[in-house]
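Summary of structural features
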Amino acid sequence: QGVPKPFTEIIKANIGDAHAMGQKPITFLRQVTALCLYPELLAEVSIPEDAKARARRLLAACSGHSAGAYSASPGIQLIREDVARFLQRRDGFPARPQDIFLATGASDAIVSILKLLVAGDGSSRTGVLVPIPQYPLYSAAITELSAVQLNYYLDEEHCWALDVAELRRAVTEGRRHCCPRVLCIINPGNPTGQVQSRQCIEDVIKFAFEEKLFLMADEVYQDNIYAKGSAFHSFKKVLFEMGPPYSEVVELASFHSVSKGFMGECGFRGGYVEVVNMDPAVQQQLAKLVSVRLCPPVPGQILLDAVVNPPQPGEPSYELFMAEKQEVLSSLAHKAQLTQEIFNRTPGIQCNPVQGAMYSFPRIQLPPRALAAAKAQDQAPDMFFCMRLLESTGICVVPGSGFGQREGTFHFRMTILPPTEKLKVLLEKLSSFYTKFIEEFS
């Protein structure tokens, strides 16, 4: 509206949208998708043969050889088979296409599974355990389905670790007023960026077994691991390595997406859920439930296939694909390190190592006068801080109160996605704004 501001642009560090922040698409993924959407490109000599072969194979699996046709409700059968092979390579254990449901991003699959699990009234109502801080999709879906949200707190002092004693506390308290049935885990963490150790995952599986909880493992950041000594362990792999009785009875749904990782293809809305040890009668109800939506977007399914069935050594696209993938992941690893270093140099800001995912969730000290000023404006203190930051610098981050945090602590979440030079400027601007803010309200 023409009001002068002390900045020239808004830097949106508030949402994990890689391409909006300038990340370049991976060539092979876009070539395969483009060929399927516009098959006339198959005559184009500049497009490599392996991308064309993938596209022909995928088009043959589409009704009428067109990406514009409906697919089967759980997704194109060929793509479900490719996802099963991908999971088998990743985990070293068999995966069955009939246990894989393709979805409109992981979010859609998460909501479908929650719908399936929510039942009862009053004290028999389904309780869903969610980590705090959590990704707000969970609290929103739980509210929409009138389920009961049971919070378990991650341990900030120990790099946002998950503690089984805290899970036990949440379940015990929950049993007083609802029926805890579901345990949600986000690994690597959003908004916290931690990566669970294998031992931790094993402990969680044992806990779910003892308490008869259905496990939901949100693993959309599985490619985004940066810290030395950290590694991604899928819940399914650990479950099967543990063997009976766990591997035979613990019910698990695990989720993945094309929106994160090195792909960052948020707009295509592609993802899947794999269910393990689900009762066949219940799985039949899941098949019915997903059929209400007809089918996930076919371009998203096609792009997902290119992700789970990437170029192989010796194929024409292999070297470029690996170089582009590596460039994205090494750049994110560098930015994760940079974020933690710059924040921790600033007195009053405390930032745990960003071990994985694409966010940092720093803790900020806010003086009593700032708390009073926030109260006068009827805002949460960290919301007050984030609004002042936006008005003064053009930097947009999300207050920690949007994700949940321990009483009396304040945080904000920001992505590490902006280009390195821009991120460096952002971090330094944010740190110097924080210092001035503290002076103003001290």
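Looking up the protein chain in an unreviewed UniProt entry gives the name Alanine aminotransferase 1, with the organism given as Galbula dea. What the UniProt record of the protein chain gives under Pathway (unreviewed entry) is the line "Amino-acid degradation; L-alanine degradation via transaminase pathway; pyruvate from L-alanine: step 1/1." Word for word, the UniProt comment on the protein chain under Sequence similarities (unreviewed entry) is "Belongs to the class-I pyridoxal-phosphate-dependent aminotransferase family. Alanine aminotransferase subfamily."

1. Section: empty space enclosed by the protein
On inspection of all chains with the given rule, the structure shows one cavity of 30 Å³ or more. Counted as a void, the largest cavity has a volume near 60 Å³. Lining the largest cavity are Pro131, Pro133, Tyr152, Leu154, Leu162, Ile185, Ile186, Gly189, Asn190, Thr192, Gln194 and Gln196. Residue composition of the lining of the largest cavity, by class: seven nonpolar, five polar and no charged.

2. Side note on the packing of helix α1 (residues 27-37) against helix α2 (residues 49-61)
Packing of α1 against α2 leaves a shortest axis separation of 9 Å and a crossing angle of 45 degrees. One finds that α1 runs oblique with respect to α2. At the point where α1 passes α2, the crossing takes the right-handed sense. Together, Phe28, Gln31, Val32, Leu35 and Cys36 of α1 and Asp50, Ala51, Lys52, Arg54, Ala55, Leu58 and Leu59 of α2 make up the contact between the two elements. When its residues are assigned to classes, the contact of α1 with α2 shows eight nonpolar, one polar and three charged.

3. Quick notes on the UniProt feature "domain: Aminotransferase class I/classII large" (unreviewed entry) in the protein chain
Here, the residues flagged by UniProt with the feature "domain: Aminotransferase class I/classII large" (unreviewed entry) are residues 47-430. Helix makes up 44% of residues 47-430 and strand 15%, with an end-to-end C-alpha separation of 44 Å.

4. Points about the pattern of salt bridges
In this structure the tally under the stated criterion is 22 salt bridges. Salt-bridge contacts for arginine 54 lead to glutamate 315; the nearest nitrogen and oxygen are separated by 3.2 Å. Of this pair, arginine 54 sits in helix α2 while glutamate 315 sits in the loop between α11 (298-308) and α12 (318-344), and the two are 261 residues apart along the sequence. For arginine 54, a relative accessible area of 9% translates into the label buried. Ionic pairing is found between glutamate 241 and lysine 237, a salt bridge with its closest N-O pair at 3.2 Å.

5. What about the nonpolar core?
Grouped together as the largest cluster of nonpolar side chains are 81 residues, with contacts concentrated most on Leu29, Val83, Ile113, Met216 and Phe255. Both domain 1 (11-16 + 320-441) and domain 2 (60-308) contribute no fewer than three residues apiece to this core. What methionine 216 contacts, discounting residues up to four positions off in sequence, is Ile110, Ile113, Leu114, Leu117, Val182, Leu183, Cys184, Ile185, Ala253 and Phe255. The next biggest cluster of nonpolar side chains, apart from the first, holds 33 residues, and it includes Val171, Ile185, Met242 and Tyr246.

6. Observations regarding helix α4 (residues 105-117)
Counting buried positions along α4 yields ten of 13 residues, so the element is predominantly enclosed. Gly105, Ala106, Asp108, Ala109, Ile110, Val111, Ser112, Ile113, Leu114 and Leu117 are the residues of α4 that are buried.

7. Details of the domain arrangement of the protein chain
Here the protein chain is described as being made up of domain 1 (11-16 + 320-441) and domain 2 (60-308). Computed from C-alpha coordinates alone, the two centres of domain 1 and domain 2 are separated by 28 Å. For the domain 1 and domain 2 pair, buried surface summed over both sides reaches about 2,400 Å², with 56% attributable to carbon and sulfur atoms. The tally of links from domain 1 across to domain 2 stands at two salt bridges. Here arginine 363 and glutamate 157 are joined by a salt bridge, their closest N and O atoms 3.3 Å apart. Put simply, domain 1 and domain 2 have 15 residue pairs in polar contact (both at pLDDT 80 or more) between them. For the side of domain 1 that touches domain 2, the secondary structure elements donating two or more residues are α12 and β10 (359-360). In terms of residues, the side of domain 1 that touches domain 2 owes the most to one element, α12, which gives seven residues.

8. Observations regarding the packing of helix α13 (residues 368-376) against helix α15 (residues 420-441)
Their axes nearest at 7 Å, the elements α13 and α15 cross at an angle of 85 degrees. By the angle class used here, α13 and α15 are roughly perpendicular. Here Arg369, Ala370 and Ala373 of α13 come into contact with α15, specifically with Phe437, Glu440 and Phe441.

9. Digging into the packing of aromatic side chains
One pass over the full model with this rule turns up 16 aromatic pairs. Relative to phenylalanine 321, the ring of phenylalanine 262 lies with its centre 5.8 Å away and its plane at 85 degrees, an arrangement referred to as edge-to-face. In this pair, phenylalanine 262 is assigned in the loop between β7 (252-257) and β8 (271-276) and phenylalanine 321 in helix α12, connecting sequence segments 59 residues apart. The pair formed by phenylalanine 262 and phenylalanine 321 is uniform in burial state, with each residue classed as buried.

Conventions we followed
Residues numbered from 1 in each chain as written. Predicted model: local features only at pLDDT ≥ 70, side-chain atom pairs only at ≥ 80, totals over all residues. Heavy atoms only, no water. UniProt positions renumbered as here; feature names shortened; annotations may be inferred. 1 Å grid on protein atoms, 1.4 Å probe; cavity = no way out; pocket = protein on both sides within 12 Å on 5 of 7 lines; lining within 4 Å. Points joined across faces, edges and corners; volume = space filled by probe spheres on them. Nonpolar A, V, L, I, M, F, W, Y, C, P; charged D, E, K, R; others polar. Axes fitted to C-alpha atoms, helices over the stretch in contact; angles between N-to-C directions. Helix = DSSP H or I, 4+ residues; strand = E, 2+ residues; numbered from the N terminus. Parallel < 35°, antiparallel > 145°, perpendicular 65-115°, else oblique. Left-handed = near helix turned anticlockwise from the far one by under 90°. Contact = heavy atoms within 4.5 Å. Salt bridge = Lys/Arg side-chain N within 4 Å of Asp/Glu carboxyl O. Buried < 20%, exposed > 50% of the residue type's maximum accessible area, 1.4 Å probe, protein only. Core = buried A, V, L, I, M, F, W, Y, C linked by side-chain atoms within 4.5 Å. Domains from an automatic or database assignment. Buried area = accessible area lost by both parts, 1.4 Å probe. Polar contact = N/O pair within 3.5 Å; in protein donor to acceptor, adjacent residues only side chain to side chain. Phe/Tyr/Trp six-rings, centres within 6.5 Å; stacked < 30°, edge-to-face > 60°.

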